[in-house]
Amino acid sequence: MASTDERESGDGGIAPGGPAADLQAFAVQLRRMNGEISRLVHGFALGQGLHATDIQALAVILDSAEPVTPGLLREHLGLTSGAVTACLDRLERAGHVRRSRESADRRVVHVHYVEGARAAARSYFMPLATAADRARRRFSEEELSVALRFLTAMNEELGGLRVPRR
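Being a predicted model, the structure only gives us computed values, none of them experimental.

Caption draft 1: Focus on the pattern of salt bridges. What the rule picks out here adds up to 8 salt bridges. Close ionic contact of arginine 99 with aspartate 89 constitutes a salt bridge, the shortest N to O distance being 2.5 Å. Of the two residues, arginine 99 is situated in strand 3 (residues 97–100) and aspartate 89 in helix 4 (residues 81–93); the sequence distance between them amounts to 10 residues. The residue glutamate 115 makes a salt bridge to arginine 118 at a minimum N-O spacing of 3.5 Å. Here arginine 118 and glutamate 115 lie together in helix 5 (residues 115–136), a separation of 3 residues that amounts to about one turn.

So this is what it looks like as structure tokens:
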């Protein structure tokens, strides 16, 4: 782990000279990680005949603790109702999701990740999981606990930010 007297270098790494917790160094590394994950997501989307936004929608559906509705996707992704419908149409045609009306109110639509579609995603993203595991092995349980707390707090902060609706 970097010492407190290290600072970001021009190549995005950490170089001697400043605190490791420097906001600029965090910003650079978060952007780099976001870019690398985006590159992988775009590759998966291309291979599945989907848009990157469709993959974002799949992530919301997969990670949600509650049933996902088109309205929840619209709010979370900052899309119009029409764009969400087009996204769900593509995902349904590609065999990734199914829509159902499971509540007493037949107007409410729930979106479910199709179990068989998970295998394609797992297969494609296995190198990402393997890379994450290799990176995790470089740190102690205590360090990982702190990193997880930071990522959780960061996601909470980002989740509170609202994007303009399209």
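Caption draft 2: Seen up close, the side chain of histidine 112. With respect to the helices, strands and loops of the structure, histidine 112 is situated in strand 4 (residues 110–113). Only 3.0 Å separates the side chain of histidine 112 from the side chain of serine 100, close enough to count as a polar contact. Those residues in contact with histidine 112 that sit more than four places away from it in its chain are Ile61, His96, Val97, Arg98, Ser100 and Glu102.

Caption draft 3: Up close: helix 1 (residues 23–48). Helix length check: helix 1, at 26 residues, gives a terminal C-alpha distance of 37 Å against a target of 38 Å (1.5 Å per residue), a fit within 8%. Among all positions in helix 1, only Ala25, Val28, Val41, Phe44 and Ala45 are buried. Between a side-chain oxygen at the N-terminus of helix 1 and the backbone nitrogen of glutamine 24 the separation is 2.9 Å; the capping residue is aspartate 22.

Caption draft 4: Region of the structure containing a nonpolar patch on the surface. A grouping of Met33, Ile37, Leu128 and Leu151 is seen on the molecular surface, where their side chains present a nonpolar patch of about 310 Å² in accessible area. Turning to its location among the elements, isoleucine 37 is positioned in helix 1. Residue isoleucine 37 is classed as partly exposed on the basis of its relative accessible area, which comes to 35%.

Caption draft 5: Seen up close, the nonpolar core. Among the nonpolar cores identified, the biggest contains 23 residues, and Ile55, Ile61, Leu73 and Leu91 are the most heavily contacted of them. Looking at this core, the elements that each hand over two or more residues are helix 1, helix 2 (52–63), helix 3 (70–77), helix 4, strand 4 and helix 5. With 5 residues, the single largest contributor to this core is helix 2.

Caption draft 6: Expanded view of helix 4. Taking 1.5 Å per residue, 13 residues should reach 18 Å; helix 4 reaches 18 Å between its end C-alpha atoms and fits that length. When helix 4 is considered as a whole, its buried residues turn out to be Val84, Cys87, Leu88, Arg90 and Leu91. On an axial view of helix 4, the arc spanned by its buried residues comes to 160°, and they lie on one face. Looking one or two residues beyond helix 4, the residue adopting positive phi is glycine 95, at roughly 85°.

Caption draft 7: Representation of the pairing of strand 4. Every second residue of strand 4 is oriented toward a common face, with His110 and His112 on one face and Val111 and Tyr113 on the other, all of them buried. In this structure, strand 3 lies alongside strand 4, joined through 4 bridges in antiparallel fashion. Residue valine 97 lies in a different strand from strand 4, and its bridge partner there is tyrosine 113.

Caption draft 8: Structural view of the packing of helix 2 against helix 3. Taken N-terminus to C-terminus, the directions of helix 2 and helix 3 make an angle of 120°; their axes are 11 Å apart at the nearest point. As for how helix 2 packs across helix 3, the hand of that crossing is right-handed. Contacts between helix 2 and helix 3 involve Thr53, Gln56, Ala57, Val60 and Ile61 from the former and Leu72, Leu73, His76 and Leu77 from the latter. Per-class residue counts for the contact of helix 2 with helix 3 are 6 nonpolar, 3 polar and no charged.

The rules we used
- Residues numbered from 1 in each chain as written.
- Predicted model: local features only at pLDDT ≥ 70, side-chain atom pairs only at ≥ 80, totals over all residues.
- Heavy atoms only, no water.
- Salt bridge = Lys/Arg side-chain N within 4 Å of Asp/Glu carboxyl O.
- Helix = DSSP H or I, 4+ residues; strand = E, 2+ residues; numbered from the N terminus.
- Polar contact = N/O pair within 3.5 Å; in protein donor to acceptor, adjacent residues only side chain to side chain.
- Contact = heavy atoms within 4.5 Å.
- Expected span 1.5 Å × (residues − 1).
- Buried < 20%, exposed > 50% of the residue type's maximum accessible area, 1.4 Å probe, protein only.
- Patch = residues over 30% accessible without salt bridge, like charges linked within 9 Å, V, L, I, M, F, W, Y side chains within 5 Å.
- Areas by Shrake-Rupley, 256 points an atom, 1.4 Å probe, with all protein chains shown as cover.
- Core = buried A, V, L, I, M, F, W, Y, C linked by side-chain atoms within 4.5 Å.
- Arc of directions from axis to C-beta.
- Pairing = 2+ DSSP bridges.
- Axes fitted to C-alpha atoms, helices over the stretch in contact; angles between N-to-C directions.
- Left-handed = near helix turned anticlockwise from the far one by under 90°.
- Nonpolar A, V, L, I, M, F, W, Y, C, P; charged D, E, K, R; others polar.

Without other data, these values stay purely geometric and don't point to any function.
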